[in-house]
Each structure stands twice: as C-alpha cells, then as structure tokens.
Amino acid sequence: MNCRSEVLEVTVESRQVEEAMLALLHTILLHRSTGKFHYKKEGTYSIGTVGTLDFDCDYIDFTFARVSSEELDRVIRKAVSEFKDALSNSGSDGMGQISLEFYQKKKSRWPFSDECIPWEVWSIKVNVVNLANEQERQICREKVGEKLGEKVINVVEVINRHEYLPKMPTQSEVDNVFDTSLKDVQPYLYKITYQITDSLGTSVSTTMRRLIKDTLAL
Amino acid sequence: MDRDLSPQDKKDLDKFIKFFALKTVQVIVQARLGEKICTRSSSSPTGSDWFNLAIKDIPEVTHEAKKALAGQLPGIGRSMCVEISLKTSEGDSMELETWCLEMNEKCDKDIKVSYTVYNRLSVLLKSLLAITRVTPAYKLSRKQGHDYVILYRIYFGEVQLSGLGEGFQTVRVGVVSTPVGTVTLSCAYRTNLAFMSNRQFERSAPIMGIIVDHFVDPPCSGQRPATMGHPCNYRAPDEEDGFAGVQDSQEVCTTSFSTSPPSQVGCTRSFLASFTFICFCLCPAALAGADLCHPAANPNQVLHAGKEGGVLLVPAYPPHGADAHLTVEHAPNTPGSRYISPDITSTRDDGRRSASPTDPVEALNAFTRKVGAFVNRPVTQITAASLDLPFAAFAPRGLGSEENDPMVQPPDSPPCPSPLQASLHSQGSEGSGPQDDFVMIDFRPAFSKDDLLPMDLGTFYREFQNPPQLASLSLHISSQSMADDLDSLPEKLAVYEKNIDEFDAFVDMLQ
C-alpha cells in the first residue's frame, strides 16, 4: 500500500505561525477523528459523538472549526509551539516544515517491534517573512486568512476523494489503528514531526522526530 | 437501478439522505448566525446525533427545511438549495451564496450503505463545517447587526444562481457515491460584493423620506423580485412553543456497526436490527400533517435571546413607520419554496412567553404579532390594534389596503416628531409639530419645584443657557496673552535656573 502524501505551503509572519499551523492541523484532524468506539457483544460497536468548536485567530483574519476536545487541542498546541520555537531560534528568515502523519501499526513477532506503516502524510511548508510596518501587517493578516481558506479547501478536496482508509478494526486491534488515549474523541493514530531549514536551504539540525502520541511504549 | 439494493438498504439510504439534508441545512444556517458555534464531544453515543456529529437542531430551521422538501428527497434533477443573502436596514438585499445538495446518476452498486455511505456522509458534514467558515459570507455574517442582517432561504428543485452576480465562484465540498446516485455538495458564492440591488431601479419616489418597498405586498402578487429569506437568527424555544409537530417527527438514531466482514449477510442483518427508530412514515401527507402548518398561518421566526450558546441578536432597527415589511409569495417555478422575511426584534419576550398556546397554529400566529423589520404576517389575521409597535398608525392594515395605507397615501397632518425634534423647533414647547403654530408652554424641567427657592431650576437654566464666552477663550485675548507669555519666557527661565536646586529637591521628594 502506498502512502498518500499531500504538501501544503504557506507564507506567514512569525507571530502567525502558530495559528496557521493550528488551523491546518486541526482541520485535517477534524476529518480524521471519530467518536469513541464502544464494543459490544456479537462483534458490534457503537460510536460516540464528535463535537466541534469555532476558533477565531488573533493574528490572522480567519476562523476555523476544530474538534471539541481539550486534550487533543493541548497535544497539537504543544507540537506547534515546539515547531514555532525551533523556527524562531533558527533565524528570522527561516523556513520549516511540519508533518502530520497517519499510520497504523502492524504486529510483528517477537523480538521485532511493531511496525508503523504510514498511510497518509500531510506536510505543511512554512516560509516566515518579516514585515516592516503595521500597514503591511494588516494586509498580511487578511492575505494569510485568504490563503488559509484556500488550503482548507485543498484539504477538504483531498479528503473527499475517499481514498484508502484503514479498515475498521476489531476490539483487539483498535489500538493499532486509532489513538484511544483521549477520553472524548478517537483520532486515527498519528504523529507530528518537524524540520527546520535556514534561509540557505540547508538543514541546520538533524530531523527531529518527536513522537507526540503513542499508545504503546516501544 | 434500485433492483440490486435490498429493501432495508433502500430504506436506510433514504433515511440517511433525508437526515443528511436536514443536517446540512442546520450547519449552513448555524454558520451564518453571526457567532461562534460550540458543541461538546461525547464518548457515549447519545442516540440522537446523526452521523456521530454533535450538530444542534434549530427547530425553526428544521421546520423550514422539511417544508421545502415536502416529503421528497434530494434526487436526480431535484436539488435542495440553501440561499444566503444579505439585507440592509434600508431594504436593499443581495444574494451572497447558494449551497446545493444535488444527486447525479453515477452509482456505486458495490458500496455498503449502512457503513461506508454513512461514514462518508459524516466526513462530508465535517467538510461542510470547515468550508462554511471559509467562504466570504462567513465574515459578513459575523459582523451582521445594525447595518445589515443575513437571511436564508431553502428551496427545492432547480438551482438558481443568477442572483450571485457575474464571476461567482464555486467550491465543491465533497461527493459521496451511493447505490442510487452520487450525492454532491457544493457552494456557489458571490465575488462581486459591490452593492447592486434590482430593487433600487424599481423603487418609486420616496414618500416622506421612507422607501415605498418596505410596505406590505399582497400575497402571491409575484410582482416584486423574491429576495427575502429568514434571518440567520435564533432563540432557544420555550417549552410552550408550538413546534411540537416538528419535534414529533424527529427520529432517534442509534448507530451500531459490525466488525464482521461485509460478506456475511447474517451479521449485516444483526447490525441493521440494532437501529432503533421512532415510527416514521415517508408519506408526504403524513409529513405535511406533522408540520401542522395551517395554510393561512405564516410560520414566523420567533426570536428570543439564546439560552445558551449566546446567539447574537440582531438589534431592532431604528423604528420608523416603514418597518412592517412582509411578503409571502410562492416563487414561480419552484414548488415548495417560500420567501419569508420574519421578525428579528425580540424586545417583548415576556409578552410572548406568557402566551402558551396549545395549538401550534395559534403559537405561530402568536409569534407573528411582534412586528419589526422583515416580519412576515398574514394581513388578514393581524390588525394594527393587536400590535404593539411604534408608529402603529402606519402599519399596513390589510390586503389590498394601499389606498388606506398612510405611507402610500400620506395623511394630511404629518406624523408627530420626536420630543427632541420638537424642542429644537420651539423653545420650551413640547410635542408640537413643525407645521403647527408655536405654543408657548412653561418649560418645566424634571424634579423642579416653584416654591422652594426664589430661583428655581428652570429659571436658572434659562438664565444661564447662553452664557458669555470665557475671556481667555477669545482669540483676541488669547493672542495677546500668548505674546505676553512669549515675552516673559526669558525672565521665567532665569528664575527657574536660579532656583534649580529647589526644584531638584522637590522632585527627589516625590520619588
């Protein structure tokens, strides 16, 4: 099975990085999260309800809908904050890329560890620019809002192609497909990684793979 | 086409499409209410959340959607459309976007109705939640208030995009293949927001500064362009509200899925058996009966402040005689569609809530008694006397009553202006019209008494109403003083330098 890969690119001011990333990551996760599964006898299961919440950006003229789950929001914010800090530390004209990868686990025999097989990867490339005055910032605020809208439309277009999705698992295999650690919602297993490049285009640090969520300690 | 689909699957599919249509309307209208939406996730299925999404149902919106559908389902050649338009306080309107739920002939016979179609419809609703925040109308709806409101209109049949102006853009939200066709959800939105209203060219000369087209048109006249809709505004209904008919027809959805392979028919049946429904009939007559919509009644959008969720109320427009603004007409070539411009003011909640009609029709009629901008009321049922509104004398009185309409045929004496206006015209006069003779009335300020002091408040006020200007503010004197100041500056500076130690000590004392 080939992993589906989508790339989104945005150009933002440094203070807009966090909200732009949150907007896109939350939009993707909204589509890739379900309610909590409750397995019953006879091999049936019921699904909980996913609520949504509108978030107004402060630095961008944009509002996006996200999953109504504070736990999930905390996890995403932590990852985005680390990415933003890494971008700031790399220099003012830095570029970076944050990736949201959905994967499923494949059980391997002992002594081999379980294999993580990605089935969808979203890469968001970020170009950070510096603006000279408030007027430019105001224009940027609106322009970035429009661009994010276009990216949301791109995301929706890809998702509604209804291409490969992992098969719904049995109760024993649900942790290989879904992240069941949250109390209120159940996203597909995912991990967020990022990579920073400086203005010269070279990688100033090795790719830092941060496993934000894993249900099994490896 | 349907012969490969089992009767149970067909029934389920129809139900999914019906509730998908209703939820689509809810998502679109709620996204145009003007404020942020927040619903809670629940780990346990509640049984009433279709497509496993927490989308609240505004009863009025469901009612309108069901009326528009009139027992039919979106199908090939029969699209369900939600039109969003903007209407200013002056009566100009503009279509902003049209959301279309369509179906084409492309079928996917192999797809599982009960699982795959259901889940894909759920994903499509999530996409709709995302896209409704992206189109230009969202920002406009968040800023609605004094200057304009956002209205919605639901219709069924052929898609009408001509009102969106030139160069409108289309965004496709998504598609879901089913065994009977492919469901497509898309949005066409206006890009040219320059205000061009057809009505501007049809308006006659204003009478007494009030635009004529605010007045009641006879129902079914078909003469005016039908551009009205419901305001995207909501109140949480009270328990006495007469929408029992709509709520009775709601269904409980208890979704339960099977992890067995789809090839096992037995397991499929057990899955299907776990759906529980309130008895529901797709018969159009039953649906019409469930709506309990009296032909003469006008389902009005009754609006209170939202109990929770804080829906912003659109403030009442400044009262002027032309605020009674009604149209009930059936759009040509669009059976089942209605243009309704309901009430958006809700300052008399107590009066409305105290009424507890048992009959939903009476409830609807009770709701229509509040008149404000964009209200739709049956002229045969409501008289101005039963209304409590400013300038009630100018409220339309009945069908074909233009000859009696004071706004069309102005009375001989002009309306009474506001007390403020009157006081500007004549000092100390109250309530006199500009064309009447001035009547001198003793100016009696509030809380004043004649016998307490030799000079009462009113006398004091009159005497010192026009005091002389302060000498220091006059140009001649100020220029002189400035020249004097400039001349004396060197002397002052010398003094300050001499006493600089004192000043420093003073500053140190303050720190």
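Our structure is the block above this text.
Residues numbered from 1 in each chain as written. Chains lettered and ligands numbered in written order. Predicted model: local features only at pLDDT ≥ 70, side-chain atom pairs only at ≥ 80, totals over all residues. Heavy atoms only, no water.

The next thing to look at is the overall build of chain A. When its secondary structure is counted, chain A shows 4 helices and 10 strands. Starting at the N terminus and ending at the C terminus, chain A contains elements arranged as β-α-β-β-β-β-β-α-β-β-α-α-β-β. Counting the 218 residues in chain A, one finds 53% classified as buried. Residue pairs in contact within chain A that sit at least 24 positions apart in sequence constitute 70% of those at least 6 positions apart. With the model as given, the accessible surface of chain A reaches about 10100 Å², and the carbon-plus-sulfur share is 47%. (Helix = DSSP H or I, 4+ residues; strand = E, 2+ residues; numbered from the N terminus. Buried < 20%, exposed > 50% of the residue type's maximum accessible area, 1.4 Å probe, protein only. Contact = heavy atoms within 4.5 Å. Areas by Shrake-Rupley, 256 points an atom, 1.4 Å probe, with all protein chains shown as cover.)

Time to look at the interface of chain A and chain B. Facing the 40 residues of chain A at the interface are 41 residues of chain B. Of the roughly 3500 Å² buried between chain A and chain B on both sides combined, carbon and sulfur atoms contribute 54%. When the buried surface of chain A facing chain B is broken down by residue, Thr49(A), Asp54(A) and His162(A) rank first, second and third, together holding 19% of it. Our count for the contact surface shared by chain A and chain B stands at 3 salt bridges. The residue Asp56(A) makes a salt bridge to Arg142(B) at a minimum N-O spacing of 2.7 Å. Where chain A meets chain B, there are 19 residue pairs in polar contact (both at pLDDT 80 or more). (Buried area = accessible area lost by both parts, 1.4 Å probe. Salt bridge = Lys/Arg side-chain N within 4 Å of Asp/Glu carboxyl O. Polar contact = N/O pair within 3.5 Å; in protein donor to acceptor, adjacent residues only side chain to side chain.)

All names here are of chain B. Residues Met-482, Leu-486, Leu-489, Leu-493, Val-495, Tyr-496 and Phe-503 make up a contiguous nonpolar surface patch of roughly 710 Å² in combined accessible area. The dominant element in the nonpolar patch, judged by the number of residues it contributes, is helix 13 (residues 475-498), at 6 residues. By secondary structure assignment, the location of Phe-503 is in helix 14 (residues 500-510). (Patch = residues over 30% accessible without salt bridge, like charges linked within 9 Å, V, L, I, M, F, W, Y side chains within 5 Å.)

What follows is about the packing of helix 1 (residues 7-30) of chain B against helix 2 (residues 59-69) of chain B. Residue and element names in this part refer to chain B. The geometry of helix 1 relative to helix 2 is characterised by a closest axis approach of 10 Å and an angle of 130° between their N-to-C directions. Here helix 2 runs oblique to helix 1, going by the angle between their axes. Seen along the crossing, helix 1 lies across helix 2 with a hand that is right-handed. Contacts from Lys-18, Ala-21, Leu-22, Val-25, Gln-26 and Val-29 of helix 1 reach helix 2 at Val-61, Thr-62, Ala-65, Lys-66 and Leu-69. Looking at the contact of helix 1 with helix 2 residue by residue, the classes come out as 7 nonpolar, 2 polar and 2 charged. (Axes fitted to C-alpha atoms, helices over the stretch in contact; angles between N-to-C directions. Parallel < 35°, antiparallel > 145°, perpendicular 65-115°, else oblique. Left-handed = near helix turned anticlockwise from the far one by under 90°. Nonpolar A, V, L, I, M, F, W, Y, C, P; charged D, E, K, R; others polar.)

Now for the sheet that holds strand 2 (residues 93-104) of chain B. Residues and elements named next belong to chain B. Taken in spatial order, the 6 strands make up an open sheet running 4-5-2-1-3-6, and their pairing is antiparallel. Lying at the two open borders of the sheet, with one neighbouring strand each, are strand 4 (169-178) and strand 6 (230-231). With 2 bridges connecting them, strand 3 (residues 148-157) and strand 6 associate as antiparallel partners. The residue of strand 6 that forms the bridge with Leu-151 is Pro-231. In this fold helix 1 packs onto strand 1 (79-88), strand 2, strand 3, strand 4 and strand 5 (181-189), with an angle of close to 10° to the strand it touches most, strand 1. The strands touched by helix 3 (residues 113-131) are strand 2, strand 4 and strand 5; relative to strand 4, the strand with the most contacts, the crossing angle is about 165°. (Pairing = 2+ DSSP bridges.)

All names here are of chain A. Across all of its chains, the model carries 21 salt bridges over all chains by this definition. Where Arg-4 meets Glu-163, a salt bridge forms, and the shortest distance between an N and an O atom there is 3.6 Å. Of this pair, Arg-4 sits in strand 1 (residues 4-13) while Glu-163 sits in the loop between helix 3 (134-159) and helix 4 (174-177), placing them 159 residues apart in sequence. In this structure, Glu-134 and Arg-137 form a salt bridge, with 3.3 Å as the shortest nitrogen-oxygen distance. Placement of both Glu-134 and Arg-137 in helix 3 is noted, with a separation of 3 residues, approximately one turn of the helix.

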